[in-house]
Amino acid sequence: MASYNNIQKPLSFFLILILLNCMICLSEEAITGSNSSSSAPIIPDSSFGVFMIKFRIGTPPVQVFGIADMGTDLTWIQCSRSSNNTNIFDPKKSKTFRNISCGSDECGLLDETRCGEEEQPCDFLSYYRDYATFVSGEAAAETFTFDNNNNNINSNNSNNNDLAIFPEVVFGCGYKNEGKAIYTAVVGLGQGPSSIVRQIGGSRFSYCLTSSNVSAGSRIRFGSDAAVTAGPNVVSTPLKKAYSFDAPNYYIRLEGITVGDKRLQFVGGMTPALKRMGNIVFDSRTSSTKLPSEFYNQLESALVNAINGTSKRVPDPRRGPAGLCYAGAVPTDYPALTVHFEGADLALPRESTFVEVVEKKGVVCLTFLPTSEFPAFGNIQQRNFLIGFDLQNRKIDFLPTDCAKVH
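These numbers come from a predicted model, not from an experiment. (Residues numbered from 1 in each chain as written. Predicted model: local features only at pLDDT ≥ 70, side-chain atom pairs only at ≥ 80, totals over all residues. Heavy atoms only, no water.)

Caption draft 1: Region of the structure containing the pairing of strand S12 (residues 218–222). Counted residue by residue, S12 has five buried out of five residues, so it is predominantly covered. Of the strand pairs in this sheet, strand S1 (residues 38–45) and S12 are connected by five bridges, and their pairing is antiparallel. Opposite Ala40, over in S12, you have Ile220 as the bridge partner. Across three bridges, the pairing between strand S11 (residues 204–208) and S12 is antiparallel. When the bridges of S12 are listed, Phe205 appears paired with Phe222. (Buried < 20%, exposed > 50% of the residue type's maximum accessible area, 1.4 Å probe, protein only. Helix = DSSP H or I, 4+ residues; strand = E, 2+ residues; numbered from the N terminus. Pairing = 2+ DSSP bridges.)

Caption draft 2: The nonpolar core, seen in detail. Judged by nonpolar contacts, the single largest core of 69 residues is most densely connected at Leu189, Phe205, Tyr207 and Phe282. It is helix H6 (residues 293–307) that provides the largest number of residues to this core, a total of six residues. When sequence neighbours within four positions are dropped, the list of residues in contact with Tyr207 reads Ile42, Met70, Arg219, Ile220, Phe282, Ser284, Gln382, Phe385, Leu386, Ile387 and Phe389. Membership of the second largest hydrophobic core comes to 16 residues, among which are Ile100, Cys122, Phe124 and Ala139. (Core = buried A, V, L, I, M, F, W, Y, C linked by side-chain atoms within 4.5 Å. Contact = heavy atoms within 4.5 Å.)

Caption draft 3: Up close: H6. In a regular helix each residue adds 1.5 Å, so 15 residues correspond to 21 Å; H6 covers 21 Å between its end C-alpha atoms and thus fits that length. Every buried residue of H6 is listed here: Phe295, Tyr296, Leu299, Glu300, Ala302, Leu303 and Ile307. Across the axial projection of H6, the buried residues extend over an arc of 160°, all falling on one side. The exposed residues of H6 that point more than 90 degrees off its buried face are Glu294 and Asn305. Phi turns positive, to about 55°, at Asn308, one or two residues after H6. (Expected span 1.5 Å × (residues − 1). Arc of directions from axis to C-beta.)

Caption draft 4: How the structure looks around the pattern of salt bridges. Counting across every chain of the model gives 10 salt bridges. As a salt-bridge pair, Arg285 and Asp69 come within 3.1 Å of each other at their nearest N and O atoms. Residue Arg285 is located in the loop between strand S17 (280–282) and strand S18 (289–292), and its partner Asp69 is located in strand S3 (residues 62–69); the two are separated by 216 residues in the primary sequence. Across the pair, exposure class does not vary: Arg285 and Asp69 are buried alike. In this structure, the salt-bridge partner of Asp316 is Arg318, at a minimum N-O distance of 2.9 Å. (Salt bridge = Lys/Arg side-chain N within 4 Å of Asp/Glu carboxyl O.)

Caption draft 5: Here's a closer look at the packing of aromatic side chains. Counted according to the given criterion, the structure contains 22 aromatic pairs. Each ring, one from Phe144 and one from Phe171, has its centre 5.8 Å from the other, and the planes form 65°; the classification is edge-to-face. On the criterion of sequence distance, the pair formed by Phe144 in strand S8 (residues 133–147) and Phe171 in strand S9 (residues 163–179) is long-range, its members being 27 residues apart. Summarising the burial analysis for this pair, Phe144 and Phe171 share the class buried. Summarising the aromatic geometry, the rings of Phe146 and Phe222 are spaced 6.0 Å apart at their centres and angled 65° between planes, so their arrangement reads as edge-to-face. Placement of Phe146 in strand S8 and of Phe222 in strand S12 is noted, with a sequence separation of 76 residues between them. For the pair formed by Phe146 and Phe222, the shared burial category is buried. Its guanidinium or amino end placed over the ring of Tyr334, Arg350 lies 4.6 Å from that ring's centre, counting from NZ or CZ. (Phe/Tyr/Trp six-rings, centres within 6.5 Å; stacked < 30°, edge-to-face > 60°. Lys NZ or Arg CZ within 6 Å of the ring centre and 35° of its normal.)

Remember, this is a structural readout, not a statement about activity or role.
Pasting the structure below:
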């Protein structure tokens, strides 16, 4: 999996230059993209803290829910070699399924493949370090269908006028899936040439993530309709270069966080050379925002001092690094948080700061956590913002929005 935590095979220097400097050119020449508009429902899944994109694959079409993942290019779906399994996609039952060989142009653009002779199948392996999970299988091309009807977020009823149909979409057909978290599909929203964004949306997509208690969800949009209309409440931050040759990820610059009227300055990478690079990953699959431990400790101390004993602090019941947790209801007397990116200040809704955790009923925890790895801005802090990604102009736009009303 091509994310900041994931393992990739080494790429040749020539392919690295292609991926980083000629990404748009490659997507147009090797895998046909589209500038037409399309959309799909995007629905919260509180069990994993992720968001699921609803679409269909194959002919006749089979409904799929895939995790929205900005840390990878490759979209993959759990497939079955047995016609008796009706719960996952069976390529033998589709009229439009096509295998991809190692010698094909499509296989050459995938960065997670394991290939031998040119005529052999284009095998892939994706690894999720955070869940110690991997999936392997064969790359292929297939028809993807998206339902553009804004009223069909939780419905399977569509007519042909509502459908956006994309033939020959390159994806991974996963035959082996092992680990702690068994996914059935992942939708790759990375910046690389084989991502869904490049294949069907050209250079733009947008989404509006709802709170986890809003089961109806919202929509993710691709193409020309994905633009966030400029206005007085829209703020933008530039997409930055990566510290490494990790093409799919979205890097931006975090400058600080304000707690009430106290600004905490994020000092990482403040030299002139490093200012041109990102110091945090913008991530749709990570739920809580991960901050370097030293900076996280400053944030936690500021909140503890502000809450000042009005709520009872309890141990963090979640797996992993310990965070700030309280018993009972979410504290109401803590100051508002504003996250400062380069060029964009985001005043976070209160429901994005403390949430009740699934591990223990009646315990609420801060939605920021310390990390010794690369920082990540998680999907909890992204909720109730209309967020537009413009890969051509290299920016992310934000507009405060009640995402439950966006259909």
